[in-house]
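Chain and residue survey
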Amino acid sequence: FSLIAWFIIGLKWWQFRRARGQANRFFGVLERTTRLRDAYHQVMKLPPSPYTRIFREGLSFFADLRPGILRDDASPNAATGTLTPTQLEALKMVLGKEVAAERDIMARFISWLATIGSVGPLLGLLGTVLGVMDAFIGIAAKGSGNIGAVAPGVAEALITTVGGLATAIPAIMAYNLFANRLGIFTGELEGFANEMVGTMAREGML
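Residues numbered from 1 in each chain as written. Predicted model: local features only at pLDDT ≥ 70, side-chain atom pairs only at ≥ 80, totals over all residues. Heavy atoms only, no water.

**Topic: the overall build of the protein chain**
- Within the protein chain, the secondary structure is distributed over 6 helices and 0 strands.
- Put simply, the protein chain has 206 residues, and 36% of those count as buried.
- Put simply, of all contacts in the protein chain between residues at least 6 apart along the chain, 76% involve residues at least 24 apart.
- About 11,900 Å² of surface is accessible on the protein chain, with carbon and sulfur atoms providing 64% of the total. (Helix = DSSP H or I, 4+ residues; strand = E, 2+ residues; numbered from the N terminus. Buried < 20%, exposed > 50% of the residue type's maximum accessible area, 1.4 Å probe, protein only. Contact = heavy atoms within 4.5 Å. Areas by Shrake-Rupley, 256 points an atom, 1.4 Å probe, with all protein chains shown as cover.)

**Topic: the packing of helix α2 (residues 36-43) against helix α3 (residues 50-65)**
- Between α2 and α3, whose axes approach to 11 Å, the crossing angle comes to 130°. By the criterion of interaxial angle, the relationship of α2 to α3 is oblique. Seen along the crossing, α2 lies across α3 with a hand that is left-handed. Along the contact surface, α2 presents Leu36, Ala39, Tyr40 and Val43, while α3 presents Thr52, Phe55, Arg56, Leu59 and Ser60.
- Looking at the contact of α2 with α3 residue by residue, the class counts come to 6 nonpolar, 2 polar and 1 charged. (Axes fitted to C-alpha atoms, helices over the stretch in contact; angles between N-to-C directions. Parallel < 35°, antiparallel > 145°, perpendicular 65-115°, else oblique. Left-handed = near helix turned anticlockwise from the far one by under 90°. Nonpolar A, V, L, I, M, F, W, Y, C, P; charged D, E, K, R; others polar.)

**Examining the side chain of threonine 128**
- Locating threonine 128 in the fold gives a position in helix α5 (residues 110-142).
- Reaching out from threonine 128, the side chain makes a polar contact with the side chain of threonine 161 at a distance of 2.3 Å.
- In contact with threonine 128, other than residues within four places in its own chain, are Ala157, Leu158, Thr160 and Thr161. (Polar contact = N/O pair within 3.5 Å; in protein donor to acceptor, adjacent residues only side chain to side chain.)

**Description of helix α4 (residues 85-107)**
- The end-to-end C-alpha distance of α4, which contains 23 residues, comes to 33 Å, matching closely the 33 Å that a straight helix rising 1.5 Å per residue would cover.
- Every buried residue belonging to α4 is among Leu91, Val94, Leu95, Glu98, Val99, Glu102 and Met106, and all of these are buried.
- Looking one or two residues past α4, phenylalanine 109 carries a phi angle of roughly 75°, positive in sign. (Expected span 1.5 Å × (residues − 1).)

**As for the packing of helix α1 (residues 2-31) against α4**
- Packing of α1 against α4 leaves a shortest axis separation of 10 Å and a crossing angle of 145°. Packed against α1, whose contacting residues are Lys12, Gln15, Phe16 and Ala19, the element α4 presents Ile105, Met106 and Ala107 at the interface.
- Its residues placed into classes, the contact of α1 with α4 shows 5 nonpolar, 1 polar and 1 charged.

**Here we look at the packing of aromatic side chains**
- Here the structure, examined in full by the defined rule, presents 9 aromatic pairs.
- Pairing phenylalanine 26 with tyrosine 51 gives two aromatic rings, centres 5.9 Å apart and planes at 25°, and the pair type is stacked. One end of the pair, phenylalanine 26, is in helix α1; the other, tyrosine 51, is in helix α3, and 25 residues separate them in sequence.
- Given the relative accessible area of 2%, tyrosine 51 is considered buried.
- Seen from their ring centres, phenylalanine 26 and phenylalanine 192 are 5.3 Å apart, and the 85° between their planes marks the pair as edge-to-face. (Phe/Tyr/Trp six-rings, centres within 6.5 Å; stacked < 30°, edge-to-face > 60°.)

**Considering the pattern of salt bridges**
- Summed over all chains, the structure comprises 5 salt bridges.
- One salt bridge connects glutamate 102 with arginine 53, and the closest N-O pair in it is separated by 2.6 Å. Placement of the pair is glutamate 102 in helix α4 and arginine 53 in helix α3, with a sequence separation of 49 residues.
- A relative accessible area of 3% places glutamate 102 in the buried class.
- Between glutamate 98 and lysine 97 there is a salt bridge, with the nearest N and O atoms lying 3.8 Å from each other.
- Here glutamate 98 falls in the buried class, since its relative accessible area comes to 10%.
- What makes lysine 97 partly exposed here is its relative accessible area of 48%. (Salt bridge = Lys/Arg side-chain N within 4 Å of Asp/Glu carboxyl O.)

**Here we look at the layout of surface pockets**
- When its volume is computed, the largest pocket comes out at roughly 230 Å³.
- In this structure, the largest pocket is lined by 14 residues; those nearest its centre are Leu30, Leu36, Glu195, Thr199 and Arg202.
- Those elements that provide at least two residues to the lining of the largest pocket are α1, α2 and α6 (147-202).
- When residues of the lining of the largest pocket are assigned to their parent elements, the largest contribution, 5 residues, is made by α6.
- Residue composition of the lining of the largest pocket, by class: 7 nonpolar, 3 polar and 4 charged.
- Its volume calculated, the second largest pocket comes out at about 150 Å³.
- Those elements giving two or more residues to the lining of the second largest pocket turn out to be α1 and α6. (1 Å grid on protein atoms, 1.4 Å probe; cavity = no way out; pocket = protein on both sides within 12 Å on 5 of 7 lines; lining within 4 Å. Points joined across faces, edges and corners; volume = space filled by probe spheres on them.)

This is the structure in structure tokens:
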């Protein structure tokens, strides 16, 4: 369990760090463009990331509703007209679905840290109880009840409790850390999706 926990900790740390680097690169590209249509063609050149997938999914769905609006040769007035309330709601649902999918991908295996943190001490305690039982059974068989006979068996039995706690403490700390980062990550994705709809409305695309 300790090895599994540390593997998950390393994996999630790398994933969150990579996601932050991808977000910085993505928003750097957006800042260098003035319109969503231009940003779309620049983002298409970036490697896949949570932000690029949400951006592409949202604009691709919008392009299905308004064919030709994302073409390089689209006229400046190509964005005239508005979406119906049903179409706008469908666009928001598509963005929400993509945000939920990215959240689920990033949340994968984090729950295992909570499970290990909960089960580790219990397994350690189980080992200690079995060890103490074995020590007392041995004492009863030998007929000796002094402290010198009891202490070695009890001390050995406590090793499993120490092992369980040593496994659980890093797992619980990492779970709380990654759960907090996951909440921040999800909030950023939702905020970006809402900002994307707002930008489309400001540019007259909705």
